[in-house]
Amino acid sequence: DAAANQVMRVKLMNAAKAGAKVVLINPKGYEQDHMSFVTKAVYTENNLGFLKQIAKALVTEETGKLEGYRKFASSLKGVKVSEEAQEIAELYAGAKKAMIVFQQNVVSVSCASLLADIAVISGHIGSPRDGILMVKSKNNSQGLVDLGITAGAEALDGVKALLVFGQNPDAELLKGVEFLMVSDTHLTPAAAGADVVLPGSAPISAD
């Protein structure tokens, strides 16, 4: 969903202006009317069918040297490749550099695995600007992971004091908290029920 990842949308738009061919593949019902710069937009059934067609088109004798090739090729047995899938596969395979960009928590684990397989069998992985870019649904979530913070709501069990920055946790998660401090730019429901509220800072546009 490019609307939820505006920075990535601008990056893709700039790449298109510089001559890159951007192909959008989304399920029907997830049309992206703010991506008019794409070379091709395909809206498929909400399953792996179309991606399997692309994968089947990419399987060649050369890819047979890869570990796990036989099992992967066998999994595509019976897949009929459409002209549209063949066109995209040829465009992708023939590119000097190619990136697959997808949003985490929007595609399934099976879909992400298939995208990885497609990158591997095409040879588009392992070098700069040639591989896969997984965009997270929230901008700061990767920073939290980099800091070693990987626990979810279950980590609040037994917590008596909590400091919340720029978030609005579900009220149910805060029931057992005896002291709550919230720092935010707005009076969120969490801030409204906090013991202490610290004003957060926000960028102000000059426009």
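Residues numbered from 1 in each chain as written. Predicted model: local features only at pLDDT ≥ 70, side-chain atom pairs only at ≥ 80, totals over all residues. Heavy atoms only, no water.

A.B. asks: Please clarify how the sheet that holds strand β6 (residues 179-184) should be interpreted in this entry.
C.D. replies: What links the strands of a sheet is backbone hydrogen bonding, and the strands pair in either a parallel or an antiparallel sense. Strand order in the open sheet made by the three strands is β5-β6-β7, with parallel pairing throughout. What marks the edges here is a single partner per strand, and that holds for β5 (161-165) and β7 (196-199). Between one strand and the next, the sheet's axes are offset by a mean angle of 10 degrees, whatever the strand orientation. Sheet topology places β5 next to β6; five bridges connect them, and they run parallel. Bridge pairing in β6 links V164 to V182. (Pairing = 2+ DSSP bridges. Helix = DSSP H or I, 4+ residues; strand = E, 2+ residues; numbered from the N terminus. Axes fitted to C-alpha atoms, helices over the stretch in contact; angles between N-to-C directions.)

A.B. asks: Sorry if this is basic, but what is going on with the pairing of strand β4 (residues 131-135) here?
C.D. replies: Here is the key point about a regular strand: its side chains alternate between the two faces of the sheet. The pairing of strand β3 (residues 99-103) with β4 spans five bridges and is parallel. Each residue of the ladder has a partner; that of V101, found in β4, is L133. In this view, the connection linking β3 to its parallel neighbour β4 by way of helix α5 (residues 109-122) has right-handed handedness. (Right-handed = clockwise from strand over helix to strand, strands pointing away.)

A.B. asks: Any chance you could explain the pattern of salt bridges here in plain terms?
C.D. replies: Opposite charge on two side chains makes pairing possible when the charged atoms of those side chains draw close. Scanning all chains against the criterion turns up four salt bridges. Between E45 and K28 there is a salt bridge, with the nearest N and O atoms lying 3.0 Å from each other. Here E45 is found in the loop between β2 (40-44) and α2 (49-58), whereas its partner K28 is found in the loop between β1 (23-27) and β2, with 17 residues between them in sequence. Take E45: its relative accessible area is 47%, and that puts it in the partly exposed class. Put simply, K40 and E87 hold a salt bridge, and the shortest N to O gap is 3.8 Å. Taken as a pair, K40 in strand β2 and E87 in helix α4 (residues 83-94) lie far apart in primary sequence, 47 residues in all. Residues participating in the shared-partner salt-bridge network are K40, E84 and E87. (Salt bridge = Lys/Arg side-chain N within 4 Å of Asp/Glu carboxyl O. Buried < 20%, exposed > 50% of the residue type's maximum accessible area, 1.4 Å probe, protein only.)

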